[in-house]
Amino acid sequence: MGYKIKALLSIILFATYPTFSKIAMERNSPGVVNAVVEMVSVFVILFCFGALFEIKKYIRVYKRHEFLPLIFMALGAGVFGPFLYLLGLERASVLNAVLLLALQTPFTAILSVFLLRERISPNYYLSLAALIFGMVLYSTDGFIHDVSFSWNDLYFIGSAFSFASANVVYKKWLSHVSYDMVLLTRNALGGILMILGVMFF
């Protein structure tokens, strides 16, 4: 029962993220919003698990030569993915953001076939067809109008691909690494790079 409640809370929080991000960017840049989100997450993780405990984990990862995949995953899921997503939200609608970010699923599946040698079941093709049909139905307002997507929606597609790449890297090289360290690395790297970007660019 506890896991179901946690899953439900996770879904609710993810559902509110696009709307609150859109509101926050009315007075702030995507870089500032992303930096704040990432650094707050870092402080929460350090508070929950302890800074010294996390440092010891980093030392073990460094000795096992897993640091490079960890950084690559953090760049995809903590830097490029969120930043492109927020750039898109600044220029396009929240509905388009939610819809196009769903492309993360087919991107992950395609990458897993080539990089993880996984097989795709027939059920996946049905799900993918339903996803594409839903996107076309929404973008044409029930086949009444032409496609309503714009060039700004490419930010969401790039974000979905970045998140998908990070998923595959995690599955291939980091699935045995503790989740708190993966989250800490992703959020810390994203927060630091976004702060530097806001300061110098």
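Remember, predicted model here, so these are calculated numbers, not experimental data.

### A closer look at the pattern of salt bridges
Applying the stated criterion across every chain, the model contains one salt bridge. Across the pair E90 and R91 runs a salt bridge, and its minimum N-O distance is 2.9 Å. Accessibility expressed as a relative area gives 36% for E90, which makes it partly exposed. Given the relative accessible area of 39%, R91 is considered partly exposed.

### Comments concerning helix α5 (residues 94-101)
Among all positions of α5, only N96, A97, L99 and L100 are buried. N-cap assignment for α5: the residue whose side-chain oxygen lies 3.2 Å from the backbone N of N96 is S93.

### A few points about helix α4 (residues 67-91)
With 25 residues, α4 extends 35 Å from end C-alpha to end C-alpha; this agrees with the ideal 36 Å at 1.5 Å per step. Approximately 35° is the largest bend angle found in α4, and it occurs at L75.

### Topic: the packing of aromatic side chains
The tally for this structure, following the rule as stated, stands at five aromatic pairs. Measuring from ring centre to ring centre gives 6.0 Å for Y17 and Y85, while their planes differ by 15°; the resulting arrangement is stacked. With Y17 in helix α1 (residues 2-24) and Y85 in helix α4, this pair connects stretches of sequence that are 68 residues apart. Classification of Y17 by relative accessible area gives partly exposed; the value is 25%. Its relative accessible area of 5% is what places Y85 among the buried residues. Members of the aromatic cluster, connected to one another through ring pairs, are Y17, Y85 and F156.

### Some words on the nonpolar core
General note: in soluble globular proteins, nonpolar side chains tend to be found buried as a group. Judged by nonpolar contacts, the single largest core of 13 residues is most densely connected at L89 and F156. At the level of secondary structure, the elements contributing two or more residues to this core comprise α4, α5 and α8 (154-174). What L89 contacts, discounting residues up to four positions off in sequence, is P18, S21, K22, M25, V94, A97 and F156. If you look at the next biggest cluster of nonpolar residues, it comprises eleven residues, including M73, A77, L174 and V177.

### A closer look at the side chain of T185
Take T185: it is sitting in helix α9 (residues 179-200). The class for T185 is buried, based on a relative accessible area of 5%. Excluding residues that lie within four positions of it along the chain, T185 makes contacts with Y58, L70, I71 and A74.

### Thoughts on a nonpolar patch on the surface
Residues I192, L193, I195, L196, M199, F200 and F201 make up a contiguous nonpolar surface patch of roughly 780 Å² in combined accessible area. For I192, the location among the structural elements is in helix α9.

### Comments concerning the environment of L126
With respect to the secondary-structure elements, L126 resides in helix α7 (residues 122-139). For L126 and T185, which are 59 residues apart along the polypeptide, the C-alpha to C-alpha distance reads 36 Å.

### Some thoughts on the packing of α4 against α8
Where α4 meets α8, the closest approach of the two axes is 8 Å, and the angle between their N-to-C directions is 160°. One element, α4, and the other, α8, form an angle in the roughly antiparallel class. Here α4 and α8 pass one another in a crossing that is left-handed. Here the residues of the contact of α4 with α8 sort into 19 nonpolar, six polar and one charged.

About the cut-offs
Residues numbered from 1 in each chain as written. Predicted model: local features only at pLDDT ≥ 70, side-chain atom pairs only at ≥ 80, totals over all residues. Heavy atoms only, no water. Salt bridge = Lys/Arg side-chain N within 4 Å of Asp/Glu carboxyl O. Buried < 20%, exposed > 50% of the residue type's maximum accessible area, 1.4 Å probe, protein only. Helix = DSSP H or I, 4+ residues; strand = E, 2+ residues; numbered from the N terminus. Polar contact = N/O pair within 3.5 Å; in protein donor to acceptor, adjacent residues only side chain to side chain. Expected span 1.5 Å × (residues − 1). Bend = angle between axes of the 7 residues up to and from the residue. Phe/Tyr/Trp six-rings, centres within 6.5 Å; stacked < 30°, edge-to-face > 60°. Core = buried A, V, L, I, M, F, W, Y, C linked by side-chain atoms within 4.5 Å. Contact = heavy atoms within 4.5 Å. Patch = residues over 30% accessible without salt bridge, like charges linked within 9 Å, V, L, I, M, F, W, Y side chains within 5 Å. Areas by Shrake-Rupley, 256 points an atom, 1.4 Å probe, with all protein chains shown as cover. Axes fitted to C-alpha atoms, helices over the stretch in contact; angles between N-to-C directions. Parallel < 35°, antiparallel > 145°, perpendicular 65-115°, else oblique. Left-handed = near helix turned anticlockwise from the far one by under 90°. Nonpolar A, V, L, I, M, F, W, Y, C, P; charged D, E, K, R; others polar.

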